[in-house]
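This is what each chain is made of:
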Amino acid sequence: MIDTLTNTWRDILAPQSQQPYFQQLQQFLQQQYNEETVYPKKSDILNALQITDYPDVKVIILGQDPYHGVNQAHGLSFSVQNGQKLPPSLKNMLKELQEDIGCPIPQNGDLTAWAKQGVLLLNTVLTVREKEAHAHKGQGWERFTDAIIESVANRDEPAVFLLWGKPAQSKRTLIERFHKNHTILEAPHPSPLSAYRGFFGSKPYSKTNEALMAMGKQPIEWCISD
């Protein structure tokens, strides 16, 4: 699977493919894709890495699980394929985006434009069975995505990490152990269950751009066109 990548990530993550946990994960996925309906499609599993190459990562937005409905997930955390209805968490993200920096709320929930600017939209688990949230939790994906997080955290080049909700915030120790000059912005998850507990008003987009400019980097153009 890692050998399908065509950029720097391929060499960085190659050692993972030799690990027993990753070989077990691949066997599990082969069986799941053969016998079940699994999202995203196989060619999109590593989409976040393929679009946002390792040297280009400026921001990481950490999600948990891909969407488990038809034609939603395409390998980018929180993002849905163009033409799909906006899921509740994404809707709240775009609502905060409007409040924070004035971007109109789009009908389109495809966040590929962010990914192309250096926003790594990474889920901690990269596949899911249809209509079964967290169905692939605990199968090895977490170890693989921890390796991705650590590889960015260990760069000399600083980045901004957006950690929304307790599961994402549990990764803070992975980031901080390298003592680099990263910016970590924490807030409650944008889901309807927790958005009103502090996600709304957290201004993640303007704060990210302020941090990037302080690092001497180009800010992200967050507004999404329909």
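It should be emphasised that the depicted structure is a prediction, and the values quoted were computed from it without experimental measurement.

(A) Summary view of the state of the cysteines. Taken as a whole and judged by the stated rule, the model has 1 disulfide. In this model, Cys103 is linked to Cys223 through a disulfide, with the two sulfur atoms separated by 2.0 Å. Sign of the S-S torsion, about -80° for the bond between Cys103 and Cys223, identifies this disulfide as left-handed. In this pair, Cys103 is assigned in the loop between α4 (88-101) and α5 (112-115) and Cys223 in the segment after α9 (204-214), connecting sequence segments 120 residues apart. Judged by its relative accessible area of 0%, Cys103 is buried.

(B) Representation of the packing of aromatic side chains within the structure. Tallying each qualifying case throughout the model produces 11 aromatic pairs. Relative to Trp222, the ring of Trp114 has its centre 4.8 Å away and its plane inclined at 90°; by these criteria the two rings are edge-to-face. Of the two residues, Trp114 sits in helix α5 while Trp222 sits in the segment after α9, which places them 108 residues apart along the sequence. Like Trp222, Trp114 is buried. These aromatic residues form a ring-pair network of at least three members: Phe78, Trp164, Tyr196, Phe199 and Phe200. Here the guanidinium or amino end of Lys95 rests over the ring plane of Phe200, the centre of that ring lying 5.0 Å away.

(C) Local environment of the pattern of salt bridges. The final tally for this structure, using the stated rule, is 7 salt bridges. One salt bridge in this structure joins Glu150 and Arg177, with 2.4 Å as the shortest N-O distance. Here Glu150 is found in helix α6 (residues 141-153), whereas its partner Arg177 is found in the loop between α8 (172-176) and β6 (183-187), with 27 residues between them in sequence. The residue Asp156 makes a salt bridge to Lys180 at a minimum N-O spacing of 3.1 Å. Taken together, the positions of Asp156 in the loop between α6 and β5 (160-164) and Lys180 in the loop between α8 and β6 put the pair 24 residues apart, joining distant regions of the chain. The class for Asp156 is exposed, based on a relative accessible area of 72%.

(D) Structural detail: the side chain of His74. Relative to the elements of secondary structure, His74 occurs in the loop between β2 (59-63) and α4. Residue His74 is classed as buried on the basis of its relative accessible area, which comes to 7%. Reaching out from His74, the side chain makes a polar contact with the side chain of Ser79 at a distance of 2.7 Å. Ignoring sequence-local partners within four residues, the contact set of His74 consists of Pro40, Asp44, Asn47, Ser79, Val80, Gln81, Asp110 and Thr112.

(E) Focus on the sheet that holds strand β3 (residues 119-123). Read from one edge of the open sheet, 4 strands run β3-β2-β5-β6, paired in parallel fashion. The sheet is open, and its two borders are formed by β3 and β6, each paired with just one other strand. Taking each pair of neighbouring strands and ignoring which way they run, the sheet shows an average axis angle of 20°. Where β2 meets β3, 5 bridges bridge the pair, whose relative direction is parallel. Note on β3: the bridge partner recorded for Val59 is Val119. Relative to β3, α6 is tilted by about 155°, and along the sheet it contacts β2, β3 and β5.

The rules we used
Residues numbered from 1 in each chain as written. Predicted model: local features only at pLDDT ≥ 70, side-chain atom pairs only at ≥ 80, totals over all residues. Heavy atoms only, no water. Disulfide = S-S within 2.5 Å. Helix = DSSP H or I, 4+ residues; strand = E, 2+ residues; numbered from the N terminus. Buried < 20%, exposed > 50% of the residue type's maximum accessible area, 1.4 Å probe, protein only. Phe/Tyr/Trp six-rings, centres within 6.5 Å; stacked < 30°, edge-to-face > 60°. Lys NZ or Arg CZ within 6 Å of the ring centre and 35° of its normal. Salt bridge = Lys/Arg side-chain N within 4 Å of Asp/Glu carboxyl O. Polar contact = N/O pair within 3.5 Å; in protein donor to acceptor, adjacent residues only side chain to side chain. Contact = heavy atoms within 4.5 Å. Pairing = 2+ DSSP bridges. Axes fitted to C-alpha atoms, helices over the stretch in contact; angles between N-to-C directions.

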